[in-house]
Structure formats: C-alpha cells, structure tokens
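Chain by chain, the residues run as shown.
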Amino acid sequence: MDKHFKYKYDDLFNPTLKALKKLGGSGAVSEIEEEVAQLLNLSEEATNEIHRESTTKLAYRLAWARNYLKRYGLIENSSRGVWALTEEGQKTTEVNQEKVKKAVVKKDREERLQKKTEENGSPELQDTTEEIEEFSWQDKLLDTIKSIHPDQFERLCQRLLRELGFVNVEVTGKTNDGGIDGKGMIRLGGVLSFHVVFQAKRYQGSVSSSVIRDFRGAMSGRADKGLIMTTGSFTREAKKEAQRDGATPIDLIDGNDFAEKLKELNLGVTVELVEEVKIKPDWFKNI
C-alpha cells in the first residue's frame, strides 16, 4: 500500500458521492473522511499525511472535492456542517471528473464576468465554499497561538474551557511547552457534574495513538472524562483509540476545531460581514 496520499481533489469526486450514499445520503465531514479512507483502502500513513500543520491532505482535498460537487449541484451543506446529496446527487452514481471541472470553471467564469471582476485566467475557483476559506484564517490563527508564551497558552486553554461551560478549571502541571495538564468540572443541565482532566498540546503535526493511551492511563481513577486539545491534528489511529469500545472515551479537539471554537466565542477573533446590495430590475418592471 502506498504510504503517500496520491489522490488529487478531482479523484475524490466519485469516492465522496459513494461515501455519502453509504452513509444514507448525508454525513458530517469526519464521517465522509473515514468512509472515503475505507473506500480507497488508504494506509494509515496516507491518511495522516499532512498538507499544512493542522490539516491532512485528505481533509484539504476532500474540501475542494465537496466544493466542486456543490457547485455542480450534486451535494449541499447546512450551517451545521452536515453534507447531503441533492435530488440530482441521489440519481447520480458516477461523474466524469473532467466534465465536472469544466462545468464548474465555466460557471465560475460567467459569475465573475457578471461581477465585472477582471478576468485573470486563473482556473482557481473564486467562489470557494466557506470551508476552504476557513483553512486560511484558521492557519493564521493557529500561527498566532503557536507564537505566544507557554503561560499565555495555558491561560488561553483555561479561558476557552470556562467559556465552553467548565467550572473550577485549574492548570495543574507546568510540564513543558509540549503539553499542559489541567482539570475542571462540567455541569450538564445544572444537575449532573462530570470531572474532566485535560491535556493541551501546542505543536505541529499529528498526535499519535500512544499519547491517547498514556493520557488514559494517567487519568484513570482521577476523572469521569478526558479531553485532549491540540493546535495540530490527530492521526486516524488516535481518533479510533480515543473512542475505543470498553475504554473511557476521550474527547478530542484538533487545531481546526480549536480555531472554530475561538471564533464562535469571539475570543481574539472578530467576524466582519460585508454587506452586498443587489438590485432586482425585474421587481421594478413588475411594479
């Protein structure tokens, strides 16, 4: 089996459609990713190969594949990050890669001309889904987080957990820059409380399954739940190990989730919405 991820984004059009069909017509990004990895019989090394620090090549290229399929009208996504086959998508078993690319680039060019933007001849899509734009702001945010002092990173994690509803959040160990350990409590519905221990890893690349196993060993008897946050990503085996049957489940927050949570909570991130005014000539004609 090839150790490298050799599929281009357009090679993932059909596997994405097939994965969504197997998932019953809809699926979260993580489910689609796992299903495609199985369909293509990818090795662990290929699945985990990094595109840029917190994103794997598989995740990045699948995002582009979904972008094209969405513009081609075969899939759609909700604001909650669930992707689903459209009516047309349900009827489609397979697509011709070149045909999809040409159609989407043509559509893109027409829209650009309509917007009177200078045509620069680039085949890159101007109208990318928010998902792909996210990769660029998340990278910037994670770079910023990686450059702050270890103490500041500890305080950031503490603040993030508090904003997510944890109480009594303590940073217990000033181990090293690689990982901080802490504990807190989360109350569900103001009634049930769970003791949670967490570890935060500030580094590039992937957290492996051995880190999950060591952490599970360390938390044994000390807490009801465990949480590991990283500015990088988790390998596929690490994700499986975290949710392994019969073992205490450990929740994982990777770099992209970390960035997303900071954005949701407006912690060091502001979102500016640009107003676009559209005139509807037909409305005036029919008045």
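Going by the structure above, here's the rest.
As a starting point, this report considers the structure included with it. For clarity, every value in this text was computed on a predicted model and none was experimentally measured.

Basis of the calculations
- Residues numbered from 1 in each chain as written.
- Predicted model: local features only at pLDDT ≥ 70, side-chain atom pairs only at ≥ 80, totals over all residues.
- Heavy atoms only, no water.
- 1 Å grid on protein atoms, 1.4 Å probe; cavity = no way out; pocket = protein on both sides within 12 Å on 5 of 7 lines; lining within 4 Å.
- Points joined across faces, edges and corners; volume = space filled by probe spheres on them.
- Helix = DSSP H or I, 4+ residues; strand = E, 2+ residues; numbered from the N terminus.
- Nonpolar A, V, L, I, M, F, W, Y, C, P; charged D, E, K, R; others polar.
- Salt bridge = Lys/Arg side-chain N within 4 Å of Asp/Glu carboxyl O.
- Buried < 20%, exposed > 50% of the residue type's maximum accessible area, 1.4 Å probe, protein only.
- Phe/Tyr/Trp six-rings, centres within 6.5 Å; stacked < 30°, edge-to-face > 60°.
- Pairing = 2+ DSSP bridges.
- Axes fitted to C-alpha atoms, helices over the stretch in contact; angles between N-to-C directions.
- Contact = heavy atoms within 4.5 Å.
- Left-handed = near helix turned anticlockwise from the far one by under 90°.
- Core = buried A, V, L, I, M, F, W, Y, C linked by side-chain atoms within 4.5 Å.

Overview of the layout of surface pockets
And step 1. The space that makes up the second largest pocket amounts to roughly 150 Å³.
And step 2. What lines the second largest pocket is L141, T144, I145, I148, Q152, L156, L262, L267 and G268.
And step 3. Put simply, the parts of the chain that give the lining of the second largest pocket at least two residues each are α7 (130-147) and α8 (150-163).
And step 4. If one sorts the elements of the lining of the second largest pocket by residue count, α7 sits on top with three residues.
And step 5. Looking at the lining of the second largest pocket residue by residue, the classes come out as six nonpolar, three polar and no charged.

Some details on the pattern of salt bridges
And step 1. Scanning all chains against the criterion turns up 15 salt bridges.
And step 2. Measuring nitrogen to oxygen at the nearest pair gives 3.5 Å for the salt bridge that ties K22 to E35. Separated by 13 residues along the polypeptide, K22 in helix α1 (residues 13-22) and E35 in helix α2 (residues 29-39) bring together distant segments of the chain.
And step 3. Taking relative accessible area as the criterion, E35 reaches 13% and is therefore assigned buried.
And step 4. Among the ionic pairs, R244 bridges to E241, the shortest N-O distance being 3.0 Å.
And step 5. Exposure remark for R244: the relative accessible area of 40% places this residue in the partly exposed category.
And step 6. For E241, a relative accessible area of 9% corresponds to the buried category.
And step 7. One network of salt bridges, in which partners are shared, links R213, R216, E241 and R244.

A closer look at the packing of aromatic side chains
And step 1. Applying the stated criterion to the full structure yields five aromatic pairs.
And step 2. Arranged with centres 4.9 Å apart and planes meeting at 35 degrees, the rings of Y9 and Y68 form a pair that is tilted. Of this pair, Y9 sits in the segment before α1 while Y68 sits in helix α4 (residues 57-71), and the two are 59 residues apart along the sequence.
And step 3. Exposure remark for Y9: the relative accessible area of 24% places this residue in the partly exposed category.

What to know about the sheet that holds strand β5 (residues 82-85)
And step 1. With respect to topology, three strands assemble into an open sheet ordered β1-β5-β4, the strand pairing being antiparallel. Each edge of the open sheet is held by one strand with a lone partner, namely β1 (26-28) and β4 (75-77). In this sheet, adjacent strand axes meet at a mean angle of 25 degrees when their direction is disregarded.
And step 2. Bridging between β4 and β5 involves three bridges; their strand directions are antiparallel. Looking at the pairing, N77 lines up with W83 of β5.
And step 3. Where α2 meets the sheet, its contacts fall on β1 and β5, and the angle it forms with β1 comes to roughly 100 degrees.
And step 4. Relative to the sheet, α4 contacts β4 and β5, its axis offset from that of β4 by approximately 110 degrees.

Quick word on the packing of α8 against helix α11 (residues 255-264)
And step 1. Packing of α8 against α11 leaves a shortest axis separation of 11 Å and a crossing angle of 65 degrees. Crossing of α8 over α11 shows left-handed handedness. Side by side, α8 and α11 meet where F153, L156, C157 and L160 of the first sit next to F258, K261 and L262 of the second.
And step 2. Class assignment for the residues of the contact of α8 with α11 results in six nonpolar, no polar and one charged.

Here's the deal with the nonpolar core
And step 1. Counting 30 residues, the largest nonpolar core has L12, V36 and L42 as the members making the most contacts within it.
And step 2. The set of elements that each furnish at least two residues to this core consists of α1, α2, α4, β5 and α6 (97-114).
And step 3. Core analysis: the next-biggest nonpolar cluster, separate from the first, contains 22 residues, L160, F166, A200 and V269 among them.

Some details on the environment of K70
And step 1. Counting through the fold element by element, K70 comes out in helix α4.
And step 2. Among the residues examined, K70 registers a relative accessible area of 34% and is labelled partly exposed.
And step 3. Sequence separation of K70 and W83 is 13 residues, and the distance between their C-alpha atoms is 9.4 Å.

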